[in-house]
Amino acid sequence: MMTLAFIHIQPGGVALSFSINSVLAVSDKPALDALLLEYYGVIVKKFVAAGGPPLYSPEDLKASFWPNLHKFLPPTGRLMLVNDARGKLVGCATLQQARPDAGELKRLYVRPEANGHGLGRALVEARIDAAREMGWKTLLVNAIRGNQDMLRIYEKIGFRFIDRFPECSDPIEVADYFIYMQYDLP
């Protein structure tokens with residue numbers, strides 16, 4: 001397991017600390033289940049708000065995560081979990097291999113109580129570092145149209161807009177509801 005300490009200084013000098021862990025196994029499945037259910041609830045609402053049909057429930061999407069867990073673990077992927085100073089799980093992000101030289105970023109989520117501390121960007125940067133370590137040259141991502149917070153993070157880091165990439169793990173039938181981006185690793 002790789003751990004990154006992340007400290008955010010609030011106005012007034014109050015320091016909040018978080019840890020970002022790239023895990024080899026899930027030690028607290030109920031905590032991750034609860035986080036994923038919350039994440040997928042947000043995603044389903046954003047998808048429908050973007051005009052997408054109500055194809056999946058948050059429960060369906062959460063259930064599809066576990067049979068695919070191996071894709072998000074070494075050697076071909078990464079599962080990043082964020083804990084606050086008390087050990088509470090407050091965020092996650094995954095990285096999976098899209099092709100031999102490229103990875104796909106998925107499931108970036110930070111709970112509302114942990115928003116505003118730079119954790120979203122830190123999770124993107126941690127996955128960029130992991131992709132470099134794996135020798136990948138390209139990172140691919142898709143975001144639901146209208147998901148401005150996520151798009152802003154990726155744009156600030158240097159991702160560029162592209163057409164849908166053929167390796168996208170989401171079904172082609174939902175392509176019109178997403179924006180696609182690419183980052184070429186230096």
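Everything discussed here concerns the structure shown above.
Please read all numbers here as calculations on a predicted model, not as lab measurements.

Trainee: Teacher, can you tell me more about unusual backbone geometry here?
Mentor: Among all residues except glycine, the phi angle is most often negative; among peptide bonds, the trans geometry is most common. The omega torsion of the bond from P74 to P75 falls at 15 degrees, within 30 degrees of zero and hence cis. Of note, P75 is situated in the loop between α2 (58–65) and β3 (77–84). Positive phi, normally seen in glycine, also occurs at R107, with a value near 55 degrees. Residue placement: R107 occurs in strand β5 (residues 102–110). Relative accessible area serves as the criterion here: at 15%, R107 is assigned to the buried category.

Trainee: Can you help me understand the environment of R99 in this one?
Mentor: Inspection of the secondary structure assignment puts R99 in strand β4 (residues 89–99). Placed 39 residues apart in sequence, R99 and T138 show a C-alpha to C-alpha distance of 9.5 Å. For R99, the contacting residues outside a window of four places in its chain are T138, L140 and E167. Of note is the side chain of R99, whose polar atom sits 2.8 Å from the side chain of D101. At 3.2 Å, the side chain of R99 and the side chain of E167 are in polar contact.

Trainee: Explanation requested: the pattern of salt bridges in the structure shown.
Mentor: Oppositely charged side chains can form a pair if their charged atoms are brought close together. Scanning the model with the defined rule gives 13 salt bridges in all. Taking the shortest distance from any N to any O, the salt bridge between D33 and K29 comes out at 3.5 Å. On the criterion of helical spacing, the pair formed by D33 and K29 is a turn pair, its members being 4 residues apart in helix α1 (residues 29–49). You can call D33 buried: its relative accessible area is 17%.

Trainee: Honestly, helix α4 (residues 148–157) in this entry has me stumped. Any pointers?
Mentor: The α-helix advances 3.6 residues per turn, and as a result positions three or four apart in sequence lie on the same side. Taken residue by residue, α4 has M150, L151, Y154 and I157 as its buried positions. The buried residues of α4 occupy an angular sector of 130 degrees when the element is viewed end-on, so they sit on one face. Along α4, the residues that are exposed and aim more than 90 degrees away from the buried face are D149 and K156. Buried residues belonging to α4 abut β5, α3 (119–133), β6 (138–144), β7 (160–162) and β8 (178–184). Positive backbone phi, approximately 120 degrees, marks G158, located one or two places after α4.

Trainee: Can you walk me through the pairing of β6 in this structure?
Mentor: Each regular strand carries side chains that alternate between the two faces of the sheet. Most of β6 sits inside the fold, with 7 of its 7 residues counted as buried. Alternating residues of β6 divide into T138, L140, N142 and I144 and L139, V141 and A143, and every residue in both groups is buried. The pairing of β5 with β6 spans 4 bridges and is parallel. Residue pairing in the sheet places L105 in a bridge with V141 of β6. The β-α-β motif built from β5, the intervening α3 and the parallel element β6 has right-handed crossover chirality. Sheet topology places β6 next to β8; 7 bridges connect them, and they run antiparallel. The residue bridging T138 from the neighbouring strand is D184, located in β8.

Trainee: Honestly, the packing of aromatic side chains in this entry has me stumped. Any pointers?
Mentor: One pass over the full model with this rule turns up 10 aromatic pairs. Here the aromatic rings of F65 and W66 are separated by 5.0 Å at their centres, their planes lie at 90 degrees, and the arrangement is edge-to-face. Residue F65 shares its accessibility class with W66, and that shared class is buried. Between the aromatic rings of F165 and Y180, the centroid separation amounts to 5.7 Å while the plane-to-plane angle is 85 degrees, which identifies the pairing as edge-to-face. Taken together, the residues span a long stretch of sequence, with F165 in the loop between β7 and β8 and Y180 in strand β8 at a distance of 15 residues. For F165, a relative accessible area of 4% corresponds to the buried category. Here Y180 falls in the buried class, since its relative accessible area comes to 5%. Chaining the aromatic ring pairs together yields one cluster made of F47, F165, Y177, F178 and Y180. Seen from the ring of W66, K29 lies directly overhead, with NZ or CZ sitting 4.7 Å from the centre.

The rules behind these values
- Residues numbered from 1 in each chain as written.
- Predicted model: local features only at pLDDT ≥ 70, side-chain atom pairs only at ≥ 80, totals over all residues.
- Heavy atoms only, no water.
- Helix = DSSP H or I, 4+ residues; strand = E, 2+ residues; numbered from the N terminus.
- Buried < 20%, exposed > 50% of the residue type's maximum accessible area, 1.4 Å probe, protein only.
- Contact = heavy atoms within 4.5 Å.
- Polar contact = N/O pair within 3.5 Å; in protein donor to acceptor, adjacent residues only side chain to side chain.
- Salt bridge = Lys/Arg side-chain N within 4 Å of Asp/Glu carboxyl O.
- Arc of directions from axis to C-beta.
- Pairing = 2+ DSSP bridges.
- Right-handed = clockwise from strand over helix to strand, strands pointing away.
- Phe/Tyr/Trp six-rings, centres within 6.5 Å; stacked < 30°, edge-to-face > 60°.
- Lys NZ or Arg CZ within 6 Å of the ring centre and 35° of its normal.

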